[in-house]
Amino acid sequence: MYKRQLEYLGIAIGELATHSTFEETVYLLWNGRLPTRGELAEFEGKIRANYDLPPRIAELLAVMPKEAQPAHAIRTLISAMGLIDPKPNSTDLASIREKATRLLGVAPTLLAAFDRHRKGKALVAPNKTLSLAENFLYMLNGERPTPTMAKALDVCLVLHTDHGLNNSTFTARVIISTMSDIYSAITGAIGSLRGPLHGGANEGVMVMLGEIPSVGAAKGYVEEKLARKDKIMGFGHRVYKSYDPRATHLKVLAKQLAEDTGNISLYEKSSAIEEAMATAVAAKGIYPNVDFYSATTYHCIGLPLDLFTPMFVVGRIGGWSAHIIEQLSD
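A.B. asks: What is the right way to look at the layout of surface pockets in this model?
C.D. replies: Leftover empty space is mapped by rolling, across the atoms, a probe with the size of a water molecule. Here the second largest pocket is characterised by a volume of approximately 200 Å³. It is helix H3 (residues 37-48) that provides the largest number of residues to the lining of the second largest pocket, a total of 4 residues. Of the residues that constitute the lining of the second largest pocket, the class distribution is 3 nonpolar, 2 polar and 5 charged.

In structure tokens form, the structure reads like this:
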């Protein structure tokens, strides 16, 4: 069977997930090559300079309904960033790169701030000495994450940064192709991504795992769902008819995190579901996709269920921006 590989500009995703960082991966996508150490340090500095929550956006966040869904909140807050940009419609490449860097840096802050706002907790100011992944978890929980948790989130962001011309990326390119602005393009892409057949699938996986009472019940659950012709969330992909290469890396990561955080039963349920699916439908080219094990990973690092898809947004902003830059370069 022909096995598809996922590469970012000729570099296998496994190499990037193992040896690179989210920031370095975004630099690769935006510039067509990996940075030197000096270039990476400069790029990281520019991203961290945009960690702060803009005052006018903080005012908006303070009056947002606490019962609002985070995916809708981050979509609205990203759109609102265009309101405080004195030149929101500029589409020259220098301006687009500057705006993309601003959105990349502030997106984790927006998400963490909304989560704390809805819980009635004081906002945590960003720590500009930390990487994007580590800083997000710090702002979300008010304490620095363990190295394993920070690395896990960084790997998730790398794996979620880009995936070709998928639905949300296509949306971003269509919008920017009219010479619209980057805020409109990214906002439209978020609207596409949050659908349950796109980025929202990882939330469905977690709901499914919660419905299965034990590891031993997983096989029967799968068989019953398949008999009713119900969809098993986290399985199948329009591109891959073999194992999704992103899921391969997340499976290893999910097991390590589950062991470290006392969630091994969750991982075991996931494995049992995979085994049951392998027996039932793997011959049809239906295997776990990136959403299947990202659900366990996100849960183990402490993300609430409704932050799963918005966290996907944070990573994909890097990829969407790369496509926007490419679109405007031609």
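A.B. asks: Quick question: what am I supposed to make of unusual backbone geometry here?
C.D. replies: Generally, phi is negative for residues other than glycine and the peptide bonds are trans, each holding for most cases. Residues other than glycine seldom take positive phi values, yet Met-179 does so here, at roughly 65 degrees. Mapped onto the elements of the fold, Met-179 is located in the loop between helix H9 (167-177) and helix H10 (182-193). Positioned with a positive phi, Lys-229 is a non-glycine residue whose angle comes to about 60 degrees. Along the chain, Lys-229 falls in the loop between helix H12 (218-227) and helix H13 (245-261).

A.B. asks: Any chance you could explain the environment of Pro-288 here in plain terms?
C.D. replies: You can see Pro-288 is positioned in the loop between helix H14 (264-280) and helix H15 (290-300). Once the C-alpha coordinates of Pro-288 and Thr-248 are considered, the two residues, 40 residues apart in sequence, prove to be 8.8 Å apart.

A.B. asks: Before we go on, may I ask you to explain the nonpolar core in this structure?
C.D. replies: A general trend in soluble globular proteins is that nonpolar side chains are found buried together. Counting residues in each nonpolar core, the largest one holds 100 residues, and the members touching the most others are Ile-273 and Leu-303. If we skip the residues at most four places from it in the chain, Leu-303 touches Phe-136, Leu-137, Leu-140, Tyr-298, Phe-308 and Met-311.

A.B. asks: Is there a simple way to explain a nonpolar patch on the surface in this structure?
C.D. replies: On the surface, a cluster of nonpolar side chains totalling about 290 Å² of accessible area is made up of Leu-165, Phe-170 and Val-174. Mapped onto the fold, Leu-165 is located in the loop between helix H8 (147-160) and H9. Judged by relative accessible area, Leu-165 falls into the exposed class, the value being 56%.

About the criteria used
Residues numbered from 1 in each chain as written. Predicted model: local features only at pLDDT ≥ 70, side-chain atom pairs only at ≥ 80, totals over all residues. Heavy atoms only, no water. 1 Å grid on protein atoms, 1.4 Å probe; cavity = no way out; pocket = protein on both sides within 12 Å on 5 of 7 lines; lining within 4 Å. Points joined across faces, edges and corners; volume = space filled by probe spheres on them. Helix = DSSP H or I, 4+ residues; strand = E, 2+ residues; numbered from the N terminus. Nonpolar A, V, L, I, M, F, W, Y, C, P; charged D, E, K, R; others polar. Core = buried A, V, L, I, M, F, W, Y, C linked by side-chain atoms within 4.5 Å. Buried < 20%, exposed > 50% of the residue type's maximum accessible area, 1.4 Å probe, protein only. Contact = heavy atoms within 4.5 Å. Patch = residues over 30% accessible without salt bridge, like charges linked within 9 Å, V, L, I, M, F, W, Y side chains within 5 Å. Areas by Shrake-Rupley, 256 points an atom, 1.4 Å probe, with all protein chains shown as cover. Salt bridge = Lys/Arg side-chain N within 4 Å of Asp/Glu carboxyl O.

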